[in-house]
Structure formats: structure tokens, C-alpha cells
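So the chains spell out like this:
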Amino acid sequence: MRIIKNINNNVSLCQDSQGREMIAFGKGIGFMKPPCEVPLEKIQRTFYNIPENYIHVMEVIPEDILELATEIYDYARERLQHTPSSVIFTLADHIQFAIKREIEHISIQLPMLYEIKNLYPEETEIGKYAVKLINRKFKLHLPREEAASIALHFIGGKVTAVQQANRDEKDIVDQCTGIIEEAMKIQIDKNGFNYSRFLTHLHYLLERVKKNESLNTENEKMYEELKRQYPKAYECALKIEKYLKVQLKNEEILYLILHINRLCSREEKE
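Rules used in this analysis
- Residues numbered from 1 in each chain as written.
- Predicted model: local features only at pLDDT ≥ 70, side-chain atom pairs only at ≥ 80, totals over all residues.
- Heavy atoms only, no water.
- Pairing = 2+ DSSP bridges.
- Helix = DSSP H or I, 4+ residues; strand = E, 2+ residues; numbered from the N terminus.
- Contact = heavy atoms within 4.5 Å.
- Axes fitted to C-alpha atoms, helices over the stretch in contact; angles between N-to-C directions.
- Phe/Tyr/Trp six-rings, centres within 6.5 Å; stacked < 30°, edge-to-face > 60°.
- Buried < 20%, exposed > 50% of the residue type's maximum accessible area, 1.4 Å probe, protein only.
- Expected span 1.5 Å × (residues − 1).
- Arc of directions from axis to C-beta.
- Salt bridge = Lys/Arg side-chain N within 4 Å of Asp/Glu carboxyl O.
- Parallel < 35°, antiparallel > 145°, perpendicular 65-115°, else oblique.
- Left-handed = near helix turned anticlockwise from the far one by under 90°.
- Nonpolar A, V, L, I, M, F, W, Y, C, P; charged D, E, K, R; others polar.

Chemist: What should I look at first to understand the sheet that holds strand β2 (residues 11-15) in this one?
Modeler: In a beta sheet, neighbouring strands pair by backbone hydrogen bonds and run either parallel or antiparallel. Strand order across the open sheet formed by five strands is β4-β1-β2-β3-β5, with antiparallel pairing between neighbours. Either end of the sheet is taken by a strand with one partner, and the two such strands are β4 (36-37) and β5 (45-48). Examined bridge by bridge, strand β1 (residues 2-8) and β2 share five bridges and lie antiparallel to one another. In the sheet register, Arg 2 faces β2, and the bridge partner there is Gln 15. Across the sheet, helix α2 (residues 63-77) is in contact with β1, β2, β3 (21-25) and β5; its angle to β5 comes to roughly 85 degrees.

Chemist: Help me understand the packing of aromatic side chains, please; the structure alone is not making it clear to me.
Modeler: Both the distance between ring centres and the angle between the ring planes are used here to describe each pair of aromatic rings. On inspection of all chains with the given rule, the structure shows two aromatic pairs. Here the aromatic rings of Tyr 75 and Tyr 129 are separated by 3.6 Å at their centres, their planes lie at 10 degrees, and the arrangement is stacked. A residue pair is termed long-range when its members are at least 10 positions apart, and Tyr 75 in helix α2 and Tyr 129 in helix α5 (residues 121-138) qualify at 54 residues. Exposure remark for Tyr 129: the relative accessible area of 22% places this residue in the partly exposed category. For the ring pair Tyr 223 and Tyr 234, a centre distance of 6.4 Å and an interplane angle of 75 degrees mean the geometry is edge-to-face. One end of the pair, Tyr 223, is in helix α10 (residues 220-229); the other, Tyr 234, is in helix α11 (residues 231-244), and 11 residues separate them in sequence.

Chemist: Honestly, α11 in this entry has me stumped. Any pointers?
Modeler: Every α-helix carries 3.6 residues per turn, so stepping three or four residues along brings you back to the same face. The end-to-end C-alpha distance of α11, which contains 14 residues, comes to 20 Å, matching closely the 20 Å that a straight helix rising 1.5 Å per residue would cover. Considered for burial, the residues of α11 that qualify are Ala 233, Tyr 234, Cys 236, Ala 237, Ile 240, Glu 241 and Leu 244. Buried residues of α11 fall within an arc of 160 degrees about the axis and therefore sit on the same side. Projecting away from the buried face of α11 at angles above 90 degrees are the exposed residues Lys 232 and Lys 242.

Chemist: Explain the pattern of salt bridges here, please?
Modeler: A side chain of one charge can pair with a side chain of the opposite charge when the charged atoms of the two come close. On inspection of all chains with the given rule, the structure shows 11 salt bridges. The salt bridge involving Arg 77 is made with Asp 74; its shortest N-O contact spans 3.7 Å. Remark: Asp 74 and Arg 77 occur in helix α2; sequence separation between them is three residues, near one turn of the helix. Judged by relative accessible area, which is 47%, Arg 77 ranks as partly exposed. For the salt bridge of Lys 128 with Glu 125, the shortest nitrogen-to-oxygen distance reads 3.4 Å. Note that Lys 128 and Glu 125 are positioned in helix α5 at a spacing of three residues, about one turn of the helix. Each of Arg 45, Asp 74 and Arg 77 takes part in a single network of salt bridges with overlapping partners.

Chemist: Whenever I open this one, the packing of α2 against helix α3 (residues 87-103) confuses me. Can you help?
Modeler: In helix packing, the relevant descriptors are the interaxial angle and the interaxial distance, both defined with respect to the helix axes. Packing of α2 against α3 leaves a shortest axis separation of 8 Å and a crossing angle of 125 degrees. As far as their axial angle goes, α3 and α2 are oblique. Note that α2 runs across α3; the crossing there is right-handed. In contact with Ile 65, Leu 66, Ala 69, Thr 70, Ile 72 and Tyr 73 of α2, α3 contributes Ile 88, Phe 89, Leu 91, Ala 92, Ile 95, Gln 96 and Ile 99. Here the residues of the contact of α2 with α3 are counted per class, giving 11 nonpolar, two polar and no charged.

Chemist: What should I look at first to understand the environment of Leu 226 in this one?
Modeler: Note on placement: Leu 226 falls in helix α10. C-alpha of Leu 226 to C-alpha of Leu 254: the two residues are 28 residues apart in sequence and 7.2 Å apart in space. Beyond its immediate sequence surroundings of up to four residues, Leu 226 is in contact with Leu 254, Ile 257 and Leu 258.

Dropping the structure here:
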């Protein structure tokens, strides 16, 4: 097995004897200078068919978070029939963001909490297990709602914004995406899971608008802080609000700011 590129100390992009690329995990393999052959006994696990944008994610996620996501993945694989290996990388990204939110005292409610718990009990249990591990390892107090949010990673294609959206909603999503690209002067990667997360949030927002529901978690102080800290994302959120022809509560604007800023933070400027 040949190392093509090192991602971190224990993860490398490799090529097998048939020329197929893979992500390889192994203690210390990232210290080897590519291109070079790595002994198979050093490889602990391999993952094929990993999208290129996930490789970028691994480059910016701390190794301890990646290791924890792998442990949660192993736990889930024992309980679910179909658990794609790509979950490790989306989950690691989620964990990193959840830790950041907890440290900054940002609380995000998941509107489908009880639906997820009732419809997907096995995935919810995996989410609870994950929250317990995260809290214990990083000495945090992630709320129980985080279990449902993590469960979404294991539900797969059953609950995705794209699959649930009808044609009208797809047009709305496309328009909102265009608003962000124009306002923030970026080109959004439509295949990235960062964009997928934004779509999911937007889907839930549209559902709440249809049902005349709204979030209310008393984050007024955080709302004012984010308005000041991310003025462009705030103005972009207001443009989306105007396009939707609704009056969003500050809580909804707050989460739009968060998602717009996060979506844009990894995109290349035009």
C-alpha cells in the first residue's frame, strides 16, 4: 500500500495494489514521507469511495474528534444494517461544531426531536450514546436534544431536505442559495455536506413557516452579538427573510446567521 498524501498523524490518503484510492487509518502513518510504501500491519482500517470534500474536512478536524467519531461509528455499525463509512467524517464535523456551540453557549433546538425519537428509536439510542461519550471525553454538558441531531447522521436518506422537498420548495431552496452566493460573493459547493446541513436547516425553517411555528429559546444576547460579529451574514439572512415574505423571529434569524456563516467559512471567495 502506497501513501499518496498525509492528512494528519494517523490518517493518510493511500493507493492499494490495484491503484484504487482510499483513506487509511493507522497509528503514526502520517509521519511517513509520501510517496512511500506503508507496511500493511500498520494499517488499522481503510475506507474506499470517500468524496474528496471529506478529505478536506479531515484536514481541519482534530484527531481526538475524528477518533471519537470512529468509535461512535463502530458502535452504530453493530446495531444498524447499513451504516456508510462516510458517516465518520460528517459526524466528526458535527461533533466539532457541537463542541464549539457548547463552549460559546449557543443553544439550537431541533424541531423534529420527538418525531425522530419515536420513528427512529435505534438511531436515537446511538445519538444518546454519542452524547455521553462526547460529554465524558471533553467534559461538556451537551443537551439531550443533541442525541436526535446526531441520530440524523445514521438515518441516512430517510430524512433529508432534498428528498422531502417538493418542487416548489426546491425552487425556494435554489433562490435562497442564489441569494447567499450573490450577497456573500462566493460559489457554494452543492455537493458538500456543509451545504447539505444548510438545506436541512432551511427545510425545517420552511416547515415551521408553513405551520406558523417558531423557535423561542431566549438567545437574545447571542442574537445581538452575532449581528455585530457577522454583519454580512446578518444582512444576507434579512434578504432571505424578505424573499420568503415572512417575518422571522430573532431566533430564526440567529440560526440563519450561524448556518450562512458556517456555510461560507469553507467556501473559496470568488
